[in-house]
Amino acid sequence: MEFADWTRRRSQGVPLAYLRQWQEFFGRRFFVDQRVLIPRPETELLIEETLRFAPDFPENVRIIDVGTGSGCVAISLALELPKAQLFATDISPDALTVAERNANAFKVHDRICFLTGDLLIPIQQKVDWILANLPYVAAQRWQQELSLAYEPRAALVGEGDGTGTICRLLRQALPLLNHPGRMLLEIGEDQGGLVKKAQSLLPGAEVDLLLDLAGLPRLLRIVV
Ligand code: GLN
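Residues numbered from 1 in each chain as written. Predicted model: local features only at pLDDT ≥ 70, side-chain atom pairs only at ≥ 80, totals over all residues. Heavy atoms only, no water.

Focus on the environment of Ser 70
The criterion, for reference: Numbering goes from the N terminus for both helices and strands, where a helix is a DSSP run of H or I of at least four residues and a strand is a run of E of at least two. When checking whether two residues touch, look at their non-hydrogen atoms; a contact exists if any pair is within 4.5 Å. Here a polar contact is recorded for every N or O atom pair within 3.5 Å, except that within protein the pair must consist of a potential hydrogen donor and a potential acceptor, and residues adjacent in sequence are included only if both atoms are side-chain atoms.
With respect to the element layout, Ser 70 can be found in the loop between β3 (62-66) and α4 (72-80). Sequence separation between Ser 70 and Asp 118 is 48 residues, and the spatial gap between their C-alpha atoms is 16 Å. Not counting residues within four places of it along the chain, the set of residues in contact with Ser 70 comprises Phe 31, Val 32, Val 36, Pro 39, Ile 75, Val 98, Ala 99 and Asn 102. At 3.4 Å, the side chain of Ser 70 forms a polar contact with the backbone nitrogen of Cys 72.

Printed below as a string of structure tokens:
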């Protein structure tokens, strides 16, 4: 791309990550383009919280990244946890093309089972951990926030009030989780009400919130 073209597109608001076609996540550079959400620093908390439990993992722990997008979560974990078995799903075949390109670049393609489909529908075996950074932005907020306009709407805007896609995942999860099993789901800072929702959808589960450095809810943590 010509420099003049770059500056023109940048001034139109195209995110820098799309212009240079990479974004750093958990210390590594991932290829990104407009087919996928740009990885955010706050999503690294998902990785950190998972790795904290690595010493207690069963041999060949099975972890699924639902709605993998660029693949940054599944690929980071494949690299950090050499014995883990990873699954990554996405409803967008375009996104999976990007995720698989990244997995090839990091030489972990044979460690991750990529599956096209909605949430957990393509999964046929039980897993130990379910991780997800699903779309959770409310449609109204998305319309008002111009900075989000260049990213795939389907990766950002959640169903209903924004939390609907996460709720659907909660409904699908129980039969597919081993005991003990865990879920870690990224949520919006005003979506702490999901704790009650998760408690009612997963009776008997321990549910709490993990806060980010600013003290705002960032991850919904569920232990079954
Ligand atoms: N954290 C992003 C934002 O609020 C949203 C990412 C998502 O929907 N998963 O801009």
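From this point, the narrative continues.
Some details on the packing of aromatic side chains
Geometrically, a pair of aromatic rings is defined through the distance of the ring centres and the angle of the planes. Here is the rule: Working definition: a ring pair exists when centres of Phe, Tyr or Trp rings (six-membered ring for Trp) sit within 6.5 Å. Plane angles under 30 degrees give stacked, over 60 give edge-to-face, the rest tilted. Summary of the burial criterion: residues with accessible area below 20% of their type's maximum are buried, those above 50% are exposed, and those between are partly exposed, where the area comes from a 1.4 Å probe applied to protein chains only. Geometrically, a charge over a ring is one whose NZ (Lys) or CZ (Arg) sits within 6 Å of the ring centre while staying within 35 degrees of the ring normal.
Under the definition given, this model contains 4 aromatic pairs. Look at Phe 25 and Phe 30: their rings are 6.3 Å apart centre to centre, the planes differ by 70°, and that puts the pair in the edge-to-face class. Taking the relative accessible area as the measure of exposure, Phe 25 reaches 0% and is therefore buried. With a centroid separation of 5.0 Å and an interplanar angle of 45°, the aromatic rings of Phe 30 and Phe 106 are classed as tilted. Of this pair, Phe 30 sits in strand β2 (residues 28-31) while Phe 106 sits in the loop between α5 (93-105) and β5 (112-116), and the two are 76 residues apart along the sequence. Of the residues examined, Phe 30 reaches a relative accessible area of 0% and is grouped as buried. A relative accessible area of 21% places Phe 106 in the partly exposed class. The structure contains a cluster of three or more aromatic residues connected by ring pairs, namely Phe 25, Phe 30 and Phe 106. The ring of Trp 22 carries Arg 29 above its face, with NZ or CZ at 3.6 Å from the centroid. Over the ring of Phe 53 we find Arg 182, and its NZ or CZ is 4.0 Å from the ring centre.

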